[in-house]
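# Structure at a glance
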Amino acid sequence: MSNYVDITYYQNTYKGTIIPEDKIEEKLKEASMHIDTLTYNRIVGRGFENLTKFQQDIIKEVVCKLADFEYENEDLIKSALSSYAINGVSMNFGTSWNIQVQNGVAIPKDYYCLLSQTGLTCRNMRCWYGISKISKKRKL
């Protein structure tokens, strides 16, 4: 498993500033591992360098966004609680309108939708096989 984004990309291209410099590599690696889970390890199987530029660009963007999200919400994500209430104010995690848990990975829905544009998150094996054949033919 490799990081799909390095610290230079995170700081200079993505312009990330949320994660402290001493934690960036760790958080980018964790986010890359979660991307592998969300894509059913199709990137690992095919090789990141063999993906189209479009797919690579989206994956890099989502890795950075997910790393920021996971850093900012680390305590909540790692909590065993799915909901809690204090003084009449309640919060649910996992059933939120903008957060979903997919394959055990908490991810904002808009990030998952963006990642889905790569065609790598489809659960149907025929879907992936078709995309794989098409992208090889057309060089999407």
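Heads up: these notes are all about the structure in this document. Quick caveat, the model's predicted, so the values are computed rather than measured.

This part is about the overall build of the chain. Of the regular secondary structure elements, the chain holds 7 helices and 4 strands. Counting helices and strands in the order they occur from the N terminus, the chain gives α-α-α-α-α-β-β-β-β-α-α. Contacts in the chain between residues at least 24 apart in sequence constitute 64% of all its contacts with a sequence separation of at least 6. Accessible surface computed for the chain: about 8,400 Å², of which carbon and sulfur atoms make up 51%.

Glancing now at the packing of helix α2 (residues 24-38) against helix α4 (residues 53-72). Running from N to C, α2 and α4 cross one another at 115°; their axes reach a closest spacing of 8 Å. α2 and α4 meet at a crossing whose hand is right-handed. Residues K27, L28, E30, A31, S32, H34 and I35 of α2 pack against I59, V62, V63, L66, A67, E70 and Y71 of α4. Across the contact of α2 with α4, the residue classes tally to 9 nonpolar, 2 polar and 3 charged.

Turning to the packing of aromatic side chains, a few remarks are in order. The geometry of an aromatic ring pair comes down to the distance between the two centres and the angle between the two planes. All told, the structure shown has 2 aromatic pairs when counted by the stated rule. Geometrically, the ring pair formed by Y4 and F48 is stacked, given 5.1 Å between the ring centres and 25° between the ring planes. Within this pair, whereas Y4 is found in the segment before α1 (7-13), its partner F48 is found in the loop between α3 (42-46) and α4, the two being separated by 44 residues in sequence. The buried category is assigned to F48, whose relative accessible area is 16%.

Rules used in this analysis
Going along each chain's sequence as written, the residues are numbered from 1 onward. Where totals are concerned, whole chains, interfaces and linings use all residues; where local detail is concerned, this predicted model gives features only for residues with pLDDT of at least 70, and gives and counts side-chain atom pairs only at 80 or more. Processing note: side-chain calculations cover all non-hydrogen atoms of the structure and skip hydrogens and water entirely. Secondary structure elements are taken from DSSP: a helix is a run of H or I of four residues or more, a strand is a run of E of two residues or more, and numbering for both begins at the N terminus. The contact rule is simple, with two residues in contact once any of their heavy atoms fall within 4.5 Å. A 1.4 Å probe and the Shrake-Rupley method give the accessible areas. Residues count as covered only by the protein chains that appear here. Angular values range over 0 to 180 degrees, each being the angle between N-to-C directions of two axes fitted as lines to C-alpha atoms, with helices fitted over their stretch in contact. Helix crossings get a hand from a simple test, with the near helix turned counterclockwise from the far one by less than a right angle marking a left-handed crossing and a clockwise turn marking a right-handed one. Residue polarity is assigned by list, with Asp, Glu, Lys and Arg as charged and Ala, Val, Leu, Ile, Met, Phe, Trp, Tyr, Cys and Pro as nonpolar; anything else, Gly included, falls into the polar class. Stacked, edge-to-face and tilted labels apply to pairs of Phe, Tyr and Trp rings (six-membered ring for Trp) whose centres lie within 6.5 Å, assigned for plane angles under 30 degrees, over 60, and everything in between, in that order. The cut-offs for exposure are 20% and 50% of the maximum accessible area for each residue type, with area from a 1.4 Å probe on protein chains only; residues under the lower value are buried, those over the upper are exposed, and the others partly exposed.

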